[in-house]
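Chain residues, written in single-letter form:
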Amino acid sequence: MRRLLPVTDQTLGTDREWNLDELADAYAYPEETGDSATPWLRANMVSSLDGAAQHDGRSQPLSCSADMRIFGTLRGLADAVVVGAETVRQEGYRPARARDAFAARRLAAGQGPAPAIAVVSASLGLDFSLPLFTEPLVPTVVLTGAQAPAERVRAARAAGVDVVVAGDGPGVDPSRALAALADRGLVRLLTEGGPRLLGQFVASGTLNEFCLTLSPTMTAGDAQRIAGGPAVAVPEQFALVGLLEEAGFLFTRYRRI
């Protein structure tokens, strides 16, 4: 792996596998985030060269080992991972696990042993007998709207799930969802999609940072883009603040201007 931006004398031309501590330093949240009640939301997605967010319904075919190391690092730094219900179903989400490589860093930051998983779902059409809900190291949160089916809310709560109402309609208001997580002390936030959820965060202006892996693959077909939903009136501007490369994969990091 090589750092292309920002460039320093120490990193210029270096091509080697980075350890997890180095990746954690490179992807650290802003220092003030942990001392603030204001959440910082970053997204992590992968895209093919021709704009596909997935192949055969999953993102894994576009990924690589370095991408998975960064994926694990971003989780290791987060208080909570915010994810859409369809992505939970398609990707077979399980509880986040504690990792020794991040234990000291998390302890120093006042974090729990692993990030919570926060699932965004209007219908609560989820299997609450799965390990994501029955075996989490940190309790899984489900974010929904006030008009969610009452029987599904009861089923979730009967299974011990922390159900949070963060919207007046059937769905979730992104700003209210992030505020509700911040109220629980979860301010270092990471969303892994899917595209519809990412589109909602973009449209609401709540996305602070975007980590995009550009995969040197072409898929053609009609796969979904990394962000979906209605277009924003004026495109939001992000600044490139970090760029790594390995085996033709580009690992970008952008911050909202």
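Residues numbered from 1 in each chain as written. Predicted model: local features only at pLDDT ≥ 70, side-chain atom pairs only at ≥ 80, totals over all residues. Heavy atoms only, no water.

Engineer: What's the story with the nonpolar core in this structure? I'm lost.
Structural biologist: If you look at soluble globular proteins, the nonpolar side chains tend to sit buried side by side. Counting residues in hydrophobic clusters, the biggest one holds 40 residues, and the most contacted among them are Tyr-27, Val-119 and Phe-251. Breaking this core down by element, the ones donating at least two residues are helix H1 (20-26), helix H2 (65-77), strand E3 (80-84), helix H3 (85-91), strand E4 (116-120), helix H5 (131-134), helix H6 (150-158) and strand E10 (249-256). At 4 residues, H2 tops the list of elements feeding residues into this core. Within the second largest apolar cluster, 27 residues are counted, among which are Ala-116, Val-164, Ala-166 and Leu-178. (Core = buried A, V, L, I, M, F, W, Y, C linked by side-chain atoms within 4.5 Å. Buried < 20%, exposed > 50% of the residue type's maximum accessible area, 1.4 Å probe, protein only. Helix = DSSP H or I, 4+ residues; strand = E, 2+ residues; numbered from the N terminus.)

Engineer: What is the right way to look at the side chain of Asn-44 in this model?
Structural biologist: Mapped onto the elements, Asn-44 comes out in strand E2 (residues 40-48). Overall, the relative accessible area of 9% leaves Asn-44 in the buried class. Asn-44 has contacts with Phe-71, Leu-74, Leu-190, Thr-191, Glu-192 and Cys-211, leaving out every residue within four places of it along the chain. (Contact = heavy atoms within 4.5 Å.)

Engineer: I tried to follow the sheet that holds E10 on my own but got confused; where do I start?
Structural biologist: Strand pairs in the sheet, formed through backbone hydrogen bonds, run parallel or antiparallel to each other. Strand order in the open sheet formed by 10 strands is E1-E9-E10-E8-E2-E7-E3-E4-E5-E6, and the pairing between neighbours is mixed. The outermost strands of the open sheet, each flanked by one partner alone, are strand E1 (2-5) and strand E6 (162-165). Neighbour-to-neighbour, the strand axes of this sheet turn through a mean angle of 20°, independent of strand direction. Inspection of the sheet shows E4 paired to strand E5 (residues 141-144) by 3 bridges, in the parallel sense. When the bridges of E5 are listed, Val-119 appears paired with Val-142. Sheet strands in contact with helix H7 (residues 174-183) are E2, E3, E4, E5, E6 and strand E7 (188-191), and its direction is about 150° off that of E5. (Pairing = 2+ DSSP bridges. Axes fitted to C-alpha atoms, helices over the stretch in contact; angles between N-to-C directions.)

That is the geometry; function is a separate question.
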